[in-house]
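Structural overview for review
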Amino acid sequence: MEITAKRPWLDSLGDVPATLEYFQGSMVEMLEKNAKLHPDNIAFDFMGKSTTYKEMVENINKCARSLRTIGVRENDRVTIAMPNCPQAIYMFYAVNMIGAVASMVHPLSSEKELQFYINESESVTVVTLDQFYHKFESIRAKTCAVNIVIARIKDALSRPLKVGYMLTEGRKIRKIPEDAPVIMWKDFMRLGKSCFWNYKVKRKGDDPAAILYSGGTTGTTKGILLTNLNFNALSAQIVATNPMYRPGDKMLSAMPLFHGFGLGVCIHSMLAQGGRCVLVPRFTADSYSKLITKYKCNFIAGVPTLYEALLRLSNMEKADYSCLKGVFSGGDSLSVELKKKFDTFLYDHKAVVQIREGYGTTETVTACCLTPINKFKEGSIGIPFPDTYIKIVKPGTDEELPYGEEGEILLAGPTVMKEYIKHPEETAKTLQTHSDGLTWVYTGDLGSMDEEGFVYFHGRSKRMIVSSGYNIYPAQLENIFDAHEMVQMSCVIGVPDTYRMQVPKAFIMLKQGVPADENTKKTLMNYASKRIAKYALPKEIEFRDTLPKTLVGKVAYRQLEEETENENKVS
């Protein structure tokens, strides 16, 4: 019996072809093709200032020439640690234009994490904002980076907004010393005048283009190497599965570009297809809702947390969402109840669409499965994209299971990563070629499939906390706590949170003689905050005299999860 979903997008599910043609050049070439078709269309909006496709491509070229001038060459790596802002867009595609590889990292990562990302990718150049300069300067000597390029939000603003910004947010930013060994963005862009030719490098679809970070199958942070084709294929799939899309349609780009969802769906899929991105550098539910109505956005994409936050707003009575053509949820499980509530919310605010849940992994850039336009099944994460295959197997094997049975979710298709950099053993475990000739990603996620090819996500077989769409790996946090001189042993679990769905909680067994008091708790939290990204910091520390153990002597984290769950039921 054929149990692999190989013909997912049927005529009855939205008139989407089962297979597509994909651009085989670089990401920036695909973007340039569309820019020639729509030079005067707006490519993106940022805090009230609009940039056309022609202007965007001109700035990408200037940026590419400057990168060559400071010595960045083909296959070099460049770390980009920035929020959604114009300079980040220019830099991402400029790196691609000169044949280098962009390493995308969270600017709020801890110093230790940033040091790891730069060295793991072997980046020769780092690009970040002025507000993060001091963090990078403190680790610079411990990294392989040669240059640091510093951009400022104010430089991307219109004149009236620039004044207001400098009187509010800008005042909070610590000054950068005048003799700091960095290149300021304006100076950097002027350097390109010294480079007149031979800065563009011809790249193919299979050439590496970007590195995103995830925990892999073991929960240890790894760089996921993605190709031009991975991103270009995703762009084609997104548009094909949304036939209502038209060039010029607006996407509210709030998901960050260091995340596959933000970079792949909200940025590249739009810009490579003539769309318009409304860039959101820092998310708040209130600003998000205002931007939807201000720009009459056609598409919004986000994690369940975002939609839960919108439901909480008190000033939404008159909001008109009739402009929406597509509302997508991914990055975390969307509960049946939240979907019902948000669908009602959309209906009450004149939208004619419902929220469509998707699924994917960073190993496939992001989404590779989506609920069709006109067929929804409760609890399902949808069906695979064109040319993307999903099958359910007995965990850790290639033995396919019958429809309806729970097993490990495997993915194959044109968006599958090239490798985990510097981790050949983990790459070999995660990417396996089967007798059908396809290379399958072993996701570590559990699910099932019905006879129509609809996929159902049941949970994660690997230990992971998903908080506001970010993957947090308890083992990493435990290693950090265990390294402290006060700590004998630690265990981190995810606990429910009304806003972020889950947040980390640390159970700590202190060394003999160390007082289990507030001062100790404060010391450990200060220690952790310097080594753990803000979004991954435990919300709470609980001291225990002992931690429960399994029969083989490991900490029984599931027991702690059950205890916490029972406590929540009682309270």
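The structure presented is a predicted model; accordingly, all values stated were derived computationally and were not measured. (Residues numbered from 1 in each chain as written. Predicted model: local features only at pLDDT ≥ 70, side-chain atom pairs only at ≥ 80, totals over all residues. Heavy atoms only, no water.)

1. A few points about the packing of helix H11 (residues 304–312) against helix H12 (residues 336–348)
At their nearest, the axes of H11 and H12 sit 10 Å apart, and the two run at 50 degrees to each other. Overall, the two elements H11 and H12 adopt an arrangement that is oblique. When the axes of H11 and H12 are compared, the crossing they make is left-handed. Facing Pro304, Tyr307, Glu308, Leu310 and Leu311 of H11, the residues of H12 in contact are Leu338, Lys341, Phe342 and Phe345. (Axes fitted to C-alpha atoms, helices over the stretch in contact; angles between N-to-C directions. Helix = DSSP H or I, 4+ residues; strand = E, 2+ residues; numbered from the N terminus. Parallel < 35°, antiparallel > 145°, perpendicular 65-115°, else oblique. Left-handed = near helix turned anticlockwise from the far one by under 90°. Contact = heavy atoms within 4.5 Å.)

2. Some details on the sheet that holds strand S27 (residues 540–543)
What the 3 strands build is an open sheet, ordered S25-S26-S27; its pairing is mixed. Each edge of the sheet is formed by a strand with only one pairing partner; in this case those strands are strand S25 (487–497) and S27. Between one strand axis and the next, the sheet turns by 25 degrees as a mean value, whatever way the strands run. As paired strands, S25 and strand S26 (residues 501–510) are joined by 10 bridges and run antiparallel to one another. Note on S26: the bridge partner recorded for serine 490 is isoleucine 508. Each of S25, S26 and S27 touches helix H14 (residues 474–482); the most contacted strand, S25, lies at about 145 degrees to it. Of the strands in this sheet, S25, S26 and S27 touch helix H15 (residues 518–529), which is tilted by about 130 degrees from S27. (Pairing = 2+ DSSP bridges.)

3. Re H12
Between its first and last C-alpha, H12 extends 18 Å over 13 residues, near the 18 Å set by a 1.5 Å rise per residue. Of all the positions in H12, only Leu338, Lys339, Phe342, Asp343, Phe345 and Leu346 are classed as buried. Down the axis, H12 shows its buried residues gathered within 160 degrees of arc, on one side only. Every exposed residue of H12 that faces more than 90 degrees away from the buried side is listed here: Lys341, Tyr347 and Asp348. In the core, the buried residues of H12 are packed alongside H11, strand S13 (326–329), strand S14 (355–360) and S26. Positioned one or two residues after H12, lysine 350 has a phi angle of 70 degrees, which is positive. (Expected span 1.5 Å × (residues − 1). Buried < 20%, exposed > 50% of the residue type's maximum accessible area, 1.4 Å probe, protein only. Arc of directions from axis to C-beta.)

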